[in-house]
Amino acid sequence: MAKNSKEPKAVFPEIIADYKQLFGEDLISIILYGSATGHEFRPGKSDINFMIVLTERGIDRLDRAFKIVGRWRKRNVAIPLFVTEGYVVASLDVFPIEYLSIKLNHLLVYGKDILESLTFDQELIRLQCEREIKGKLLLLREAFLETSGKGRAMRGVISQSVRALIAVFEALLYLKGKELPTEKRGLIRDTAEVFEMNAGVFEMLLDIKEGKIKLGDRETTKLFKDYLKEVRELSKLVDALGG
């Protein structure tokens, strides 16, 4: 097995060969999703995420994949999302945002593209957006108090929370029928424009996550308070979308 590759597509032949050998006819498809499908992929830092679609018989034999998953993890390939097609279809009412994001940011590597024909109930997406935002607000308040105003701890909370918000922003623009930007900053700016948010706050959060800026404790506290305010206002706007 070769060393880490700067180009995710370079691992496709090996990934296909390994999983075909492992599961044979029980392998339905291999799908790349997430940042590795676009130019925001950061070699050595970003994970390479795959969805492995198996038959019902194949999903019952996951123990076969112990060694192969372990080998690929050493090359920044995350543990794949192992599913069956039936499971995905039956889960659209529970995880519409997650599967919408995967559908919007995926590349078929092998087999059948089970995502192509997926359709989403807009009200279910809105409900999950509301649930995610309101839940995030409670967790952020709790985490803010746990930091005791320490900048390093607050920056850690920010870094961990931004990714989930980006997926929600993507879903919100989808609900509004907007064309979705391929970059995170484009998603932030377009969502801020549609929902009258302060894009600068969220771009600074992303800067912290990406290690582009360093703020002191006082500046980080102010940013975190602005963050809480923006999420609180967004929760009201999403709630209003439901009439």
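Our subject is the structure that appears above.
Quick caveat: nothing in here was measured; it's all calculated off a predicted structure.

Analysis parameters
- Residues numbered from 1 in each chain as written.
- Predicted model: local features only at pLDDT ≥ 70, side-chain atom pairs only at ≥ 80, totals over all residues.
- Heavy atoms only, no water.
- Helix = DSSP H or I, 4+ residues; strand = E, 2+ residues; numbered from the N terminus.
- Rg over C-alpha atoms; globule rule 2.2 N^0.38 Å.
- Buried < 20%, exposed > 50% of the residue type's maximum accessible area, 1.4 Å probe, protein only.
- Areas by Shrake-Rupley, 256 points an atom, 1.4 Å probe, with all protein chains shown as cover.
- Lys, Arg positive; Asp, Glu negative; His and termini not counted.
- Charge placed at Lys NZ, Arg CZ, Asp CG, Glu CD.
- Core = buried A, V, L, I, M, F, W, Y, C linked by side-chain atoms within 4.5 Å.
- Contact = heavy atoms within 4.5 Å.
- Pairing = 2+ DSSP bridges.
- Axes fitted to C-alpha atoms, helices over the stretch in contact; angles between N-to-C directions.
- Phe/Tyr/Trp six-rings, centres within 6.5 Å; stacked < 30°, edge-to-face > 60°.
- Expected span 1.5 Å × (residues − 1).
- Parallel < 35°, antiparallel > 145°, perpendicular 65-115°, else oblique.
- Left-handed = near helix turned anticlockwise from the far one by under 90°.
- Nonpolar A, V, L, I, M, F, W, Y, C, P; charged D, E, K, R; others polar.

Novice: So what exactly am I meant to see when it comes to the overall build of the protein here?
Specialist: Within the protein, the regular secondary structure consists of 10 helices and 4 strands. Ordered by position in the sequence, the α and β elements of the protein form the string α-β-β-α-α-β-α-α-β-α-α-α-α-α. For the protein, the C-alpha radius of gyration of 20 Å lies close to 18 Å, the compact-globule estimate for 243 residues. With respect to the three principal axes, the spread of C-alpha positions in the protein is 55 × 40 × 30 Å. Burial status across the protein gives 43% buried among its 243 residues. Here the protein displays about 13300 Å² of accessible surface, and carbon together with sulfur accounts for 50% of that area. Within the protein, the 36 negative side-chain charges are centred at a point lying 7 Å from the centre of the 39 positive side-chain charges.

Novice: Explain the nonpolar core to me, please; I cannot follow it from the model alone.
Specialist: A general feature of soluble globular proteins is that nonpolar side chains tend to end up buried together. Counting 53 residues, the largest nonpolar core has Met 51, Leu 172 and Tyr 227 as its most contacted members. Within the residue set of this core, elements represented by two or more residues are strand S1 (27–33), strand S2 (49–54), helix H5 (96–104), helix H6 (122–147), helix H7 (151–175), helix H8 (184–195), helix H9 (199–209) and helix H10 (217–241). Not counting residues within four places of it along the chain, the set of residues in contact with Met 51 comprises Ser 29, Ile 30, Ile 31, Tyr 33, Leu 81, Val 83, Tyr 99, Ile 102, Ile 114 and Leu 115. Residues Val 11, Leu 32, Phe 41 and Val 69 belong to the second largest nonpolar core, which totals 22 residues.

Novice: Please clarify how the sheet that holds strand S3 (residues 81–83) should be interpreted in this entry.
Specialist: Paired through backbone hydrogen bonds, the strands of a sheet run either parallel or antiparallel to each other. Read from one edge to the other, the open sheet built from 4 strands follows the order S3-S2-S1-S4, with strand pairing classed as mixed. Of all strands in the sheet, those bounded by a partner on one side alone are S3 and strand S4 (106–111). Adjacent strand axes in the sheet meet at a mean angle of 20 degrees, parallel and antiparallel pairs treated alike. Of the strand pairs in this sheet, S2 and S3 are connected by 3 bridges, and their pairing is parallel. Note that in S3 the partner of Val 53 across the bridge is Val 83.

Novice: Would you explain the packing of aromatic side chains in this entry?
Specialist: Each aromatic ring pair is characterised by the separation of its centres together with the angle its planes make. In total, this model carries 7 aromatic pairs according to the counting rule given. Considering the side-chain rings of Phe 224 and Tyr 227, the 5.8 Å spacing of their centres and the 55 degrees angle between planes classify their relative orientation as tilted. Taken as a pair, Phe 224 and Tyr 227 lie in helix H10 at a separation of 3 residues, close to a single helical turn. The same class applies to Phe 224 as to Tyr 227, namely buried. Taken together, the ring pairs connect Phe 144, Phe 169, Phe 202, Phe 224 and Tyr 227 into an aromatic cluster.

Novice: Would you take a moment to explain H10 for this structure?
Specialist: Because an α-helix completes one turn every 3.6 residues, residues spaced three or four positions apart along the sequence face the same direction. Its 25 residues give H10 an end-to-end C-alpha distance of 36 Å, which sits within 8% of 36 Å, the value for a rise of 1.5 Å per residue. In this structure, the buried residues of H10 make contact with H6, H7, H8 and H9.

Novice: I would appreciate a short explanation of the side chain of Arg 185 in the present structure.
Specialist: Take Arg 185: it is sitting in helix H8. By relative accessible area, Arg 185 is classed as buried at 16%. If we ignore the near neighbours within four places in the chain, the residues touching Arg 185 are Glu 203, Leu 206, Asp 207, Glu 210 and Lys 212.

Novice: What is the right way to look at the packing of helix H1 (residues 12–23) against helix H3 (residues 66–73) in this model?
Specialist: Axis angle and axis distance: for two packed helices, these are the angle between their axes and the distance between the axes, and together they describe the pair. Their axes nearest at 11 Å, the elements H1 and H3 cross at an angle of 165 degrees. In this view, H1 runs roughly antiparallel relative to H3, as classed from their interaxial angle. Handedness of the H1/H3 crossing: left-handed. Here Glu 14, Ile 15, Asp 18, Tyr 19 and Leu 22 of H1 come into contact with H3, specifically with Ile 68, Val 69, Arg 71 and Trp 72. Among the residues forming the contact of H1 with H3, the class breakdown is 6 nonpolar, no polar and 3 charged.

Novice: Would you mind showing me how to read the environment of Gly 58 here?
Specialist: Counting through the fold element by element, Gly 58 comes out in helix H2 (residues 56–59). Assessed through its relative accessible area of 0%, Gly 58 is described here as buried. Each C-alpha atom of the pair Gly 58 and Leu 22 lies 9.6 Å from the other, and the pair is 36 residues apart in sequence.

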